[in-house]
Structures are given as structure tokens and as C-alpha cells.
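Next come the chains, spelled out residue by residue.
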Amino acid sequence: MPYRAVLAGCGAMSRGWLKAIAETPALSSEIEVVGLVDLDGAAAEARAAEAGLTKAYIGTDLDAALTELKPDLLCDVVIPAARRDVVATALRHGCHVLTEKPMATSMAEAREIVDLARKAGKLHAVCQNRRYNEGVRRIRATIASGALGALNAIHCDFFVGAHFGGFREQMRDVLLVDMAIHTLDAARFMSGKVPLAVYCLEANPKSSWWAHGSAANAIFEFSDDVIFNYRGSWSAEGANTSWDSSWRIVGSKGTLLWDGADKFEANVVAGDTGFFRPLAPIEVAPANPNETQGHASVIEAFIAAIKSGKPPETAGTDNIKSLAMVFAAIESADKRQRVAISA
């Protein structure tokens, strides 16, 4: 029998979740979406109609929906401010929970959620979908192969002039909280290192259409003396990077460049003489195609984890380490000083 699922939060992000489930055979046979819940009942009805879920329960009260439907899992796509209460309600009803990022609006809430999931004996994981993109997986594999030598540094640029409208444009620390979590998580995943400390400068240019914190520069200290430099802005018009950023991975033997889309370039030193040492190109390692489907791959890993009892790589117990990078960067920006990172 398929797992019975309720989706909470029927805004724009929910479309990607339902599309991934419906269009991925391995998921459409494993998950039956039996209910959609949103404070705006009309939004839930519209999303159900769009997704062809004509028989699904439509409601505005999550507790009532879970009481009636008794689902196996909850897909949490609500706004961040509502996340803690939604996750707590689902766990109380015995649901496994796959939640949108960020997993919480504070480290205290994140720790509480992890503790609630542990006490409930249920799986809680985060839809950190961008680490399931091909480029991220290929860089992780290349670093792990040792082809670049020992990892020295990771540099990342994210510059996008995004005009969402809605709640995001009123958020504090919007870039760090709502978008940088993807990039910081990717850097932690690519490197395989532990984030130790950060110095961050946050800004909101006069030309910004955001209320607060649309730009940030951060220097992260990782274990084994690896440095991760992040430069980002959501109010930079004129030359958008990829949503996955552009990357420079520097190792002891050479460097890998990725534009965040389809272009890779990697070279290693091929001689020991000359002012600039001669270089030779190397192949960037391939990725497992089953792990490069974004939302679908995250959800597949979540279902596999429910079956096996083994936590997926985006389990809340691990993802909280990426969230800790975000909140340490915010604290550093507020204090204008280096801050240690602790999950």
C-alpha cells in the first residue's frame, strides 16, 4: 500500500512537491496525497484542482485533517514562521515529516524539533533539494576522489535580482535565511568538512526592494584548515548567476570551476618548473543519476529512509548543522565579530 500523505501549505512552493510526486513513477506508486491543508482554503482547493487531486481532503485546520485522515507522513511546505507548530502537530499525530527549508526560524526551535522527532520515534528530514543537483554531486565526488589533492578552499558567488513579492520581501536576514541555506549546505556537503566559525558582513543596498539583509559576504572556517568564502546578493541586477551559484574549488593539486549550470572546468599542475606551472585538464567525476533529480531525489531518499530505518542525508539531525551556519552568520553580522558555530 502507498504511504498516505498530507501536504500542508499550498503556496507556490507546493507545486514543485506535487509535480515531483506525480511525475516520478517511483514516487507516484509509493505516495498517495490524501489531503491538502492551508489557512486559505481556496488556495488548497486551487492546488488540488491543478494537481488533479479531485478526491483529496481539503481543509484549513491541520489538527482536524490529521485526526480524520491518519496519514503516514506530512509534507510541510508552510512559511518558516509556522514551521515549528506544524511539525510538532504532525509528530504528535504519528507522522513522519519532510519539511521545507529552513527547518526552523531559530536554533532553539530547530533543536526542539529534532528532540520532538526523537521522542516520537518518527523520521524528520529537510527538503534540501539543491544538494541533489548534478553539479553539487559531481563536485562532491571529485573532491572525494582526491583528483584535486587536499582541499584548501571553496569560493562561491550568488548574485540574482529576484522579485518574489510576498512574505520574503519583508523578512529579516532574507538572503541568509531563505536562500543561502542552500549554498551553505552544499558547501558543507561538497567538502565533507565541519563548519567551525564564521565572520559575516550583511547589507541591504539603498536600491534594494527588500526590507532587510538582501546581501551578505561571509568567511567560514571549516575543519582541516579549509576556508569557505560566500558572496551573495538578492538585489544585484544585470548579471544573474545560476540559482546554484558559481563555484571555485581549490585543492593542493589544482582547481575546479563550475558555473552552477552545465559548464565545468578542472585543471591540475602537470610539471614542476616555470613561473606558472604547466596545467593539464582532468575529468570532473560523474554523479549517480538517481541522486540528481532535485525534489524527486529528496523525496525518494525520504521514503527509502522510512523503509530502512536509516536516516537520509538531509535528516534534521544533520541539516541542523547547515542551519547553524546560517544563524552564526547572522549573529556575526549583528555583532561585527567572528562567531563560533555550534549545532
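Reading guide: rules and limits
- Residues numbered from 1 in each chain as written.
- Predicted model: local features only at pLDDT ≥ 70, side-chain atom pairs only at ≥ 80, totals over all residues.
- Heavy atoms only, no water.
- Helix = DSSP H or I, 4+ residues; strand = E, 2+ residues; numbered from the N terminus.
- Rg over C-alpha atoms; globule rule 2.2 N^0.38 Å.
- Buried < 20%, exposed > 50% of the residue type's maximum accessible area, 1.4 Å probe, protein only.
- Contact = heavy atoms within 4.5 Å.
- Areas by Shrake-Rupley, 256 points an atom, 1.4 Å probe, with all protein chains shown as cover.
- Phe/Tyr/Trp six-rings, centres within 6.5 Å; stacked < 30°, edge-to-face > 60°.
- Lys NZ or Arg CZ within 6 Å of the ring centre and 35° of its normal.
- Pairing = 2+ DSSP bridges.
- Axes fitted to C-alpha atoms, helices over the stretch in contact; angles between N-to-C directions.
- Right-handed = clockwise from strand over helix to strand, strands pointing away.
- Core = buried A, V, L, I, M, F, W, Y, C linked by side-chain atoms within 4.5 Å.
- Expected span 1.5 Å × (residues − 1).
- Bend = angle between axes of the 7 residues up to and from the residue.
- 1 Å grid on protein atoms, 1.4 Å probe; cavity = no way out; pocket = protein on both sides within 12 Å on 5 of 7 lines; lining within 4 Å.
- Points joined across faces, edges and corners; volume = space filled by probe spheres on them.
- Nonpolar A, V, L, I, M, F, W, Y, C, P; charged D, E, K, R; others polar.

**As for the overall build of the protein chain**
- If you tally the helices and strands in the protein chain, you get ten helices and 15 strands.
- The C-alpha radius of gyration of the protein chain comes to 21 Å, within 12% of the 20 Å expected for a compact globule of 343 residues.
- Expressed along its principal axes, the backbone C-alpha trace of the protein chain runs to roughly 75 × 45 × 40 Å.
- Looking at the 343 residues of the protein chain, the share that counts as buried comes to 52%.
- Sequence-distant contacts in the protein chain: of pairs separated by 6 or more residues, those separated by 24 or more amount to 69%.
- Counting every atom, the protein chain has about 15,300 Å² of accessible surface; 52% of that belongs to carbon and sulfur.

**What to know about the packing of aromatic side chains**
- With the rule as written, the count across this model stands at twelve aromatic pairs.
- Ring centres of Trp 234 and Trp 243 lie 6.5 Å apart, and the angle between their planes is 75 degrees; on these two criteria the pair is classed as edge-to-face.
- When its relative accessible area of 1% is taken as the criterion, Trp 234 is described as buried.
- The ring of Phe 264 carries the charged tip of Arg 138 above its face, separated from the ring centre by 4.6 Å.
- Positioned above the aromatic ring of Phe 189, the side-chain terminus of Arg 140 is 4.7 Å from the ring centre.

**Some details on the sheet that holds strand 6 (residues 124-126)**
- The strand order 3-2-1-4-5-6 describes an open sheet built from six strands, whose pairing is parallel. Whereas interior strands pair on both sides, the edge strands pair on one side only; in this sheet they are strand 3 (57-59) and strand 6. Ignoring strand direction, the axes of neighbouring strands in this sheet form an average angle of 25 degrees.
- Looking at chain direction, strand 1 (residues 3-8) and strand 4 (residues 73-76) are connected through four bridges and run parallel. Bridging across to strand 4, Leu 7 finds its partner in Cys 75.
- Along the sheet, helix 9 (residues 295-308) contacts strand 1, strand 2 (31-37), strand 4, strand 5 (96-99) and strand 6; its crossing angle with strand 5, the most-contacted strand, is approximately 160 degrees.

**A word on the pairing of strand 4**
- Here strand 4 shows no split at all, with Leu 73 and Cys 75 on one side and Leu 74 and Asp 76 on the other all buried.
- Both strand 4 and strand 5 contribute to a ladder of four bridges, which runs parallel. Looking at strand 5, one finds that Leu 74 is bridged to Val 97.
- Regarding topology, helix 5 (residues 83-92) serves as the crossover connection from strand 4 to the parallel strand 5, and that connection is right-handed.

**Considering the nonpolar core**
- Judged by nonpolar contacts, the single largest core of 77 residues is most densely connected at Leu 74, Phe 220, Phe 228, Trp 247 and Ile 249.
- Sort the elements by how many residues they give to this core and helix 8 (residues 174-191) lands first, with twelve residues.
- Ignoring anything within four residues of it in the chain, the contact list for Trp 247 reads Ile 154, His 155, Cys 156, Thr 183, Ala 186, Ala 187, Met 190, Phe 228, Leu 256, Leu 257 and Trp 258.
- Ranked by size, the runner-up nonpolar core spans 30 residues in total, among them Leu 7, Ala 56, Ile 303 and Ile 306.

**Focus on helix 10 (residues 316-335)**
- Over its 20 residues, helix 10 runs 28 Å from end to end, which matches the ideal 28 Å to within 8%, given 1.5 Å per residue.
- Its maximal kink placed at Ser 322, helix 10 deviates by approximately 25 degrees.
- The element helix 10 is largely enclosed, with a buried count of 14 among its 20 residues.
- Arg 336 sits one or two residues past helix 10 and shows a positive phi near 55 degrees.

**Observations concerning empty space enclosed by the protein**
- Tallied over the full model, the rule gives one cavity of 30 Å³ or more.
- In this structure, the largest cavity spans a volume of roughly 50 Å³.
- Along the walls of the largest cavity sit Arg 130, Val 136, Met 179, His 182, Thr 183, Ala 186, Trp 243, Asp 244, Ser 245 and Trp 247, which together make up its complete lining.
- Ranked by residue count, the leading element in the lining of the largest cavity is helix 8, at four residues.
- Classifying every residue of the lining of the largest cavity gives five nonpolar, three polar and two charged.

**Structural notes on the sheet that holds strand 15 (residues 339-340)**
- The strand order across the open sheet formed by nine strands is 14-13-12-11-7-10-9-8-15, and the pairing between neighbours is mixed. The open sheet has two edge strands with one neighbour each: strand 14 (279-281) and strand 15.
- The sheet contact formed by strand 8 (residues 195-203) and strand 9 (residues 215-222) spans eight bridges and is antiparallel. Its bridge partner lying in strand 9, Pro 195 is registered against Phe 222.
- Helix 7 (residues 134-145) contacts strand 7 (151-159), strand 11 (246-251), strand 12 (254-258) and strand 13 (264-269) of the sheet and is inclined by roughly 170 degrees relative to strand 12.
- Along the sheet, helix 10 makes contact with strand 8, strand 9, strand 10 (227-233) and strand 15, crossing strand 8 at roughly 50 degrees.

**Some points on the layout of surface pockets**
- Empty space within the largest pocket amounts to approximately 590 Å³.
- If you go around the largest pocket, you meet 27 residues; those closest to its centre are Gly 9, Asp 38, Val 77, Val 78 and Ile 79.
- For the lining of the largest pocket, the elements supplying multiple residues, two or more each, are helix 1 (12-23) and helix 5.
- Grouping the amino acids of the lining of the largest pocket by side-chain chemistry returns 16 nonpolar, five polar and six charged.

As far as function goes, none of this settles anything; it's purely spatial.
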